[in-house]
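Structure assessment
Listed below, chain by chain, are the residues.
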Amino acid sequence: MVLKFFMNKFLRIVSLLFLTISNLLASTNAEATTVDFETDLSKYVAAAKDVSKRRMNPEDETKLSDMVLSILSNLKKLYVNEKLQSEDFVLKYLDGKDFPDLERHKNENKNDETVVRFTIAIHAFYKSLTKERIIEIIKKSPLEMAPILREINVFLQFVSANPSDYGHGRFSEKSGNITIVFATNEAILRIMRPIIYKNLLSKTIDVYKLSRIVSAFYNGIPNRQSEEIFKTTTESMKRNTADDSRIAIAISENEVR
């Protein structure tokens, strides 16, 4: 009996030690990935700024698009392939209905509405993004891809989030190689809001202006098709990223405590 007691105690200690090490490694990997993303994004921004000072040639387009595709590939590998253990994901509601349905997202608070509509917009944009569309954006405004990549990074963190970290319940389930993410209004506000704050805002900056094209999706979905939104937005896009039509997201530190 004494031996069994000590064996059980030893096994519990080993189990706790293993869990601690696993959590530490996961945290370290997450921090390293964040650094990698910021490093790769900084390299892209530097290259895009250089190109923005002169006439772009086909070699520039290839270089910049390859950099963007590499960043997107790394983000998908981390959040979809590794964290979700899936080939892809879809957003739905708990009853199996397709996302989005604006009738399910009634928010009286303007800040809540902005968070939800941003989620709808970036989802529609991400799902419609192709290599050809990336090149089209780069041709018009190379620096426009920088905020877009930040917004996609936020979105993929949302779909791959551990709901217990945010005090939320059922959030996803596997269906073969696909993960179904239940993007209810509650899930978006509880999980997406702090992710936006951490990645796009800070204690000193409480307003973030969305990229021009995601702002266009914000205003257009679901009444206009993705192809139409993309076409009309890129046609009017200029190299200067300043644009008063960009949607502002305002979140204070108190809202994410």
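Just above, that's the structure.
Residues numbered from 1 in each chain as written. Predicted model: local features only at pLDDT ≥ 70, side-chain atom pairs only at ≥ 80, totals over all residues. Heavy atoms only, no water.

**Side note on the overall build of the chain**
What counts is decided by this rule: Under the DSSP-based scheme used, a helix requires at least four consecutive residues in state H or I and a strand at least two consecutive residues in state E, with every element numbered from the N terminus. Here the term buried applies to any residue with accessible area under 20% of the maximum for its type, exposed to any over 50%, and partly exposed to those in between, with areas from a 1.4 Å probe on protein chains only. Any two residues whose heavy atoms approach within 4.5 Å are treated as being in contact.
Check the secondary structure of the chain and you find eight helices and five strands. For the chain, the α and β elements follow one another from N to C terminus as α-α-β-α-α-α-β-β-α-β-α-α-β. Taken over 257 residues, the chain has a buried fraction of 41%. Summarising the internal contacts of the chain: among those between residues at least 6 apart in sequence, 77% fall at separations of at least 24.

**Brief notes about the packing of aromatic side chains**
Quick note on the threshold: For Phe, Tyr and Trp, rings pair up if their centres lie within 6.5 Å, where Trp contributes its six-membered ring, and each pair is then called stacked (planes under 30 degrees apart), edge-to-face (over 60) or tilted (otherwise). Lysine and arginine charges are scored as sitting over a ring when NZ or CZ, respectively, is within 6 Å of the ring centre and within 35 degrees of the ring normal.
Going through the model one piece at a time under the given rule, you end up with six aromatic pairs. What links up through ring pairs into an aromatic cluster is the set Phe89, Tyr126 and Phe155. The residue whose ring lies beneath lysine 127 is phenylalanine 89, and the NZ or CZ to ring-centre distance is 4.2 Å. Its end group placed over the ring of phenylalanine 230, arginine 133 keeps NZ or CZ at 4.7 Å from the ring centre.

**Some points on unusual backbone geometry**
In this structure, the amide linkage connecting phenylalanine 99 to the following residue, proline 100, adopts the cis form with an omega of 5°. In this fold, proline 100 is placed in the loop between strand S1 (88-92) and helix H3 (110-128). For the bond from isoleucine 221 to proline 222, the omega torsion is 5°, close enough to zero to count as cis. The residue proline 222 is located in the loop between helix H7 (212-220) and helix H8 (226-235) in this model.

**Description of the pairing of strand S2 (residues 172-175)**
Formally: Whether two strands pair comes down to DSSP finding at least two bridges between them.
Pairing analysis gives four bridges linking S2 to strand S3 (residues 178-182), with the strands arranged antiparallel. Pairing of glutamate 173 across the sheet is with isoleucine 180, part of S3. Hairpin connection, S2 to S3: the antiparallel pair is bridged by two residues, and glycine 176 has positive phi, about 65°.

**Observations regarding the packing of helix H2 (residues 58-83) against helix H4 (residues 131-140)**
Just so we agree on the cut-off: Where helices are involved, their axes are fitted lines through C-alpha atoms of the stretch in contact, as for all axes, and angles between N-to-C directions lie from 0 to 180°. The labels follow the angle: roughly parallel below 35 degrees, roughly antiparallel above 145, roughly perpendicular from 65 to 115, and oblique for the rest. Left-handed describes a crossing in which the near helix is turned anticlockwise from the far one by less than a right angle; the clockwise case is right-handed.
Two numbers describe how H2 lies on H4: the axes approach to 10 Å, and their chain directions differ by 125°. The pairing of H2 with H4 is recorded here as oblique in orientation. As H2 packs across H4, the resulting crossing turns out to be right-handed. Each of Glu61, Leu64, Ser65, Val68, Leu69 and Leu72 in H2 lies in contact with H4, whose residues at this interface are Lys131, Ile134, Ile135, Ile138 and Lys139.

**A short note on the sheet that holds S3**
Reading across the sheet, the three strands line up as S1-S3-S2 and stay open at both edges, with mixed pairing between neighbours. What marks the edges here is a single partner per strand, and that holds for S1 and S2. Strand-to-strand, the axes of this sheet are offset by a mean angle of 25°, without reference to chain direction.

**Focus: the environment of isoleucine 195**
Mapped onto the elements of the fold, isoleucine 195 is located in helix H6 (residues 185-200). Here isoleucine 195 falls in the buried class, since its relative accessible area comes to 3%. On a C-alpha basis, the gap between isoleucine 195 and valine 256 in space is 9.1 Å, while along the polypeptide they are 61 residues apart. Not counting residues up to four positions away in its chain, the partners in contact with isoleucine 195 are Val154, Gln157, Phe158, Ala161 and Tyr166.

**Considering H2**
Our working definition: Helices are assigned an expected span. That span is 1.5 Å times one less than the residue count. To get the bend at any residue, fit one axis to the seven residues that end at it and another to the seven that begin at it, then take the angle between the two axes.
If you check H2, its first and last C-alpha atoms are 36 Å apart, about what 26 residues at 1.5 Å a residue would give, namely 38 Å. Of all bends in H2, the biggest is about 30°, found at lysine 77.

**Some details on the pairing of S1**
Burial along S1 is one-sided: Phe89 and Leu91 are buried, and none of Asp88, Val90 and Lys92, which face the opposite way, are. For S1 and S3, the ladder comprises five bridges, and the chain directions are parallel. Directly across from valine 90, in S3, lies its bridge partner isoleucine 180.

Interpretation note: all reported values are geometric properties and have no functional meaning in isolation.
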